[in-house]
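The residues making up each chain are set out below.
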Amino acid sequence: MTATAAPSVRTGILDCVQVNLAVLADRRHGPGRHLALGARLRFEPRPGPDGLPTVDPAPREQLSEGAALVGLRPDAVAHSVPAHALRVMAERAPVVYAVADSYAMPWLPYAGRAHMEHSFLVGAHRDGAEVEDAYDNETAWGPARPGRWTYPWDRLPTASFACVLSPVPDHRAPRPQLCLDDPAEYVEAYAAHPDRLAALRRLTAETWLLARARHLHAAYREQLGERLDAADHLRGWDQLTATAFIAQRRAERGRPVPGGLLPDLASLLAADREVFAVRPPRP
């Protein structure tokens, strides 16, 4: 059984950890609350796979910060949660937020093909586990679309962590904030990496994350009533994401890759600071 999930949520500008937190934010506080997930525009790379830096935050840290931004509080947090324990949690609460390995999620195109930390929501249903996932993306193995599915409990993966998200009363909308490191070392790490295919594969994921984060930040600023002149800049990020994907596919086939990818990345990262500059509020 499938059904479209959370029509109010801007699934196309959220990553796989944010998107199901966004669903709960809007359910608890009303449509549009999830855009506060973009209040802080970050570029703070950390060590990642293959010796390359990544802007992909650790899921637990991302959940903690994101929940605070949208007015939710993680309660009953559990770690390394097998399916039977998820069932116990779901029978005690209306819905459980969980993060696990996408490789073991039968509703995703990644099942049996790719490992990554991915969120989902689960509730107890008379026929088993009712899984909801609002993730929306084109993958190398087909589209992932928002939906709702019912599975036997033993089909669910072990969650790296799970929690119940409760509303925080009197929550105030966070102010926009920029947390932007210098991009020079980040870009140079990708330029100097000896395995060009590994670098391009990672860069495809990185540009996807970077572009979505910037669209989300712009959407939140617009929700607050700001008039950002960011349309051309965001189109540049979208084009860079497409170029990185094309470069990866060409490299996998042993063909020349488009030039200019890394200089364009450096240019867009440098421009973020001006395009998204936070002006002081008017008196």
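Here the structure is a predicted model, which means the values were calculated and not measured. Per chain, residues are indexed from 1 in the order of the written sequence. Selection of residues for local features in this predicted model requires a pLDDT of at least 70, selection of side-chain atom pairs for listing and counting requires 80 or more, and totals for whole chains, interfaces and linings are taken over all residues. Hydrogens and water are ignored here; the side-chain numbers use all heavy atoms of the structure.

1. Looking at the side chain of His 217
Strands are runs of DSSP state E lasting at least two residues, helices are runs of H or I lasting at least four, and both sets are numbered from the N terminus onward. Structurally, His 217 can be placed in helix α5 (residues 196-223). Under the relative-accessibility criterion, His 217 is labelled buried at 0%. Between two residues, a contact is recorded if the distance between any of their heavy atoms is within 4.5 Å. Not counting residues within four places of it along the chain, the set of residues in contact with His 217 comprises Gly 38, Ala 39, Arg 40, Leu 41, Pro 176, Gln 177, Leu 178 and Phe 276. Accessibility here uses a 1.4 Å probe with only protein chains present; expressed as a share of the type maximum, an area under 20% marks a residue as buried, one over 50% as exposed, and anything in between as partly exposed.

2. Some words on the pattern of salt bridges
Two side chains bearing opposite charge may form a pair once their charged atoms approach each other closely. Throughout this description, the term salt bridge denotes a Lys or Arg side-chain nitrogen within 4 Å of a carboxyl oxygen of Asp or Glu. Applying the stated criterion to the full structure yields 15 salt bridges. For the salt bridge of Arg 214 with Asp 272, the shortest nitrogen-to-oxygen distance reads 2.7 Å. Of this pair, Arg 214 sits in helix α5 while Asp 272 sits in helix α7 (residues 261-275), and the two are 58 residues apart along the sequence. Like Asp 272, Arg 214 is buried.

3. Looking at the packing of aromatic side chains
The way to describe two aromatic rings as a pair is by their centre distance and the angle between their planes. Only centres within 6.5 Å qualify two rings of Phe, Tyr or Trp (six-membered ring in Trp) as a pair; their planes then separate them into stacked at under 30 degrees, edge-to-face at over 60, and tilted for everything else. Summed over all chains, the structure comprises 8 aromatic pairs. When the centroid spacing of 5.0 Å and the interplanar angle of 85° are considered together, the rings of Phe 43 and Tyr 186 count as edge-to-face. In this pair, Phe 43 is assigned in strand β1 (residues 40-43) and Tyr 186 in helix α4 (residues 184-192), connecting sequence segments 143 residues apart. Geometrically, the ring pair formed by Trp 107 and Tyr 151 is tilted, given 6.0 Å between the ring centres and 40° between the ring planes. Here the residue Trp 107 occupies a position in the loop between β5 (96-101) and β6 (117-125), and Tyr 151 occupies one in strand β10 (residues 147-151), the gap between them amounting to 44 residues. The exposure classification of Trp 107 matches that of Tyr 151, with both residues buried.

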